[in-house]
Amino acid sequence: MVLPMKKPMKAGPKAMTKTALVQAISAEMGMKSKVCKQVVENLAGIATEQVKSMGKFTLPGLFRIKTRVKPATKAGKRMAFGKEVMVKAKPAKTVVKAFPVAAIKQSI
């Protein structure tokens, strides 16, 4: 018995690009796009700097970025899908996570 082919998945709506964000800000605020581009780039630089040094960064009304240390894992045998699998040891690493503000969660 041959199963019918599935329909191809459609790509969802695309996220706003940096250029589109700059254009939207310049149109809304009546500023030149060159100035808006510098603001966006400086904001990204400040956020990166703060996350590296302090471990968190909050953009009020939008989101909070935090770092979290994932502990190291030991090598050994683990059950995966009913089979025993050998797993390599992994070192501890720092993971960056972003959390939306409660107001954004409620608006969606």
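Description of the structure in this document. (Residues numbered from 1 in each chain as written. Predicted model: local features only at pLDDT ≥ 70, side-chain atom pairs only at ≥ 80, totals over all residues. Heavy atoms only, no water.)

### What to know about the overall build of the protein chain
The helix and strand tally for the protein chain stands at three helices and five strands. Listing every helix and strand of the protein chain by position from the N terminus yields α-α-β-β-β-β-β-α. Radius of gyration (C-alpha) of the protein chain: 22 Å, far over the 13 Å computed for a compact globule of 108 residues. Along the three orthogonal principal directions, the C-alpha set of the protein chain runs to about 60 × 50 × 30 Å. Buried positions account for 9% of the 108 residues belonging to the protein chain. Here the protein chain has roughly 10100 Å² of accessible surface; of this, 63% comes from carbon and sulfur atoms. (Helix = DSSP H or I, 4+ residues; strand = E, 2+ residues; numbered from the N terminus. Rg over C-alpha atoms; globule rule 2.2 N^0.38 Å. Buried < 20%, exposed > 50% of the residue type's maximum accessible area, 1.4 Å probe, protein only. Areas by Shrake-Rupley, 256 points an atom, 1.4 Å probe, with all protein chains shown as cover.)

### Digging into the nonpolar core
Core analysis: the largest hydrophobic core is formed by five residues, namely Ala47, Val51, Phe57, Leu59 and Ile65. Where this core is concerned, the elements lending two or more residues are helix H2 (33–54) and strand S1 (56–59). (Core = buried A, V, L, I, M, F, W, Y, C linked by side-chain atoms within 4.5 Å.)

### A few points about the pattern of salt bridges
Enumeration over the complete set of coordinates arrives at one salt bridge. Lysine 18 serves as the salt-bridge partner of glutamate 41, at 3.2 Å between the closest nitrogen and oxygen. Note that glutamate 41 is positioned in helix H2 and lysine 18 in helix H1 (residues 18–29), a separation of 23 residues in sequence. Take lysine 18: its relative accessible area is 44%, and that puts it in the partly exposed class. (Salt bridge = Lys/Arg side-chain N within 4 Å of Asp/Glu carboxyl O.)

### A closer look at the side chain of serine 26
Counting through the fold element by element, serine 26 comes out in helix H1. A relative accessible area of 12% means that serine 26 is categorised as buried. One polar contact links the side chain of serine 26 to the main-chain carbonyl oxygen of glutamine 23, over a distance of 2.9 Å. When neighbours within four sequence positions are excluded, serine 26 is seen to be in contact with Met31, Lys32, Ser33 and Cys36. (Polar contact = N/O pair within 3.5 Å; in protein donor to acceptor, adjacent residues only side chain to side chain. Contact = heavy atoms within 4.5 Å.)

### Points about the sheet that holds strand S2 (residues 63–70)
Working definition: the strands of a sheet are paired by backbone hydrogen bonds and lie parallel or antiparallel to each other. Taking strand neighbours across the sheet as the criterion, the three strands line up as S1-S2-S5 in an open arrangement whose pairing is antiparallel. Two strands lie at the open edges of the sheet, namely S1 and strand S5 (93–100), each paired on one side alone. On average, adjacent strands in this sheet sit at an angle of 20 degrees to one another, irrespective of strand direction. With eight bridges connecting them, S2 and S5 associate as antiparallel partners. Bridging across to S5, isoleucine 65 finds its partner in alanine 98. (Pairing = 2+ DSSP bridges. Axes fitted to C-alpha atoms, helices over the stretch in contact; angles between N-to-C directions.)

### Some words on H1
End to end, H1 covers 16 Å across 12 residues, agreeing with the expected 16 Å (1.5 Å per residue, within 8%). Phi turns positive one or two residues past the end of H1, at glycine 30, with a value near 75 degrees. (Expected span 1.5 Å × (residues − 1).)

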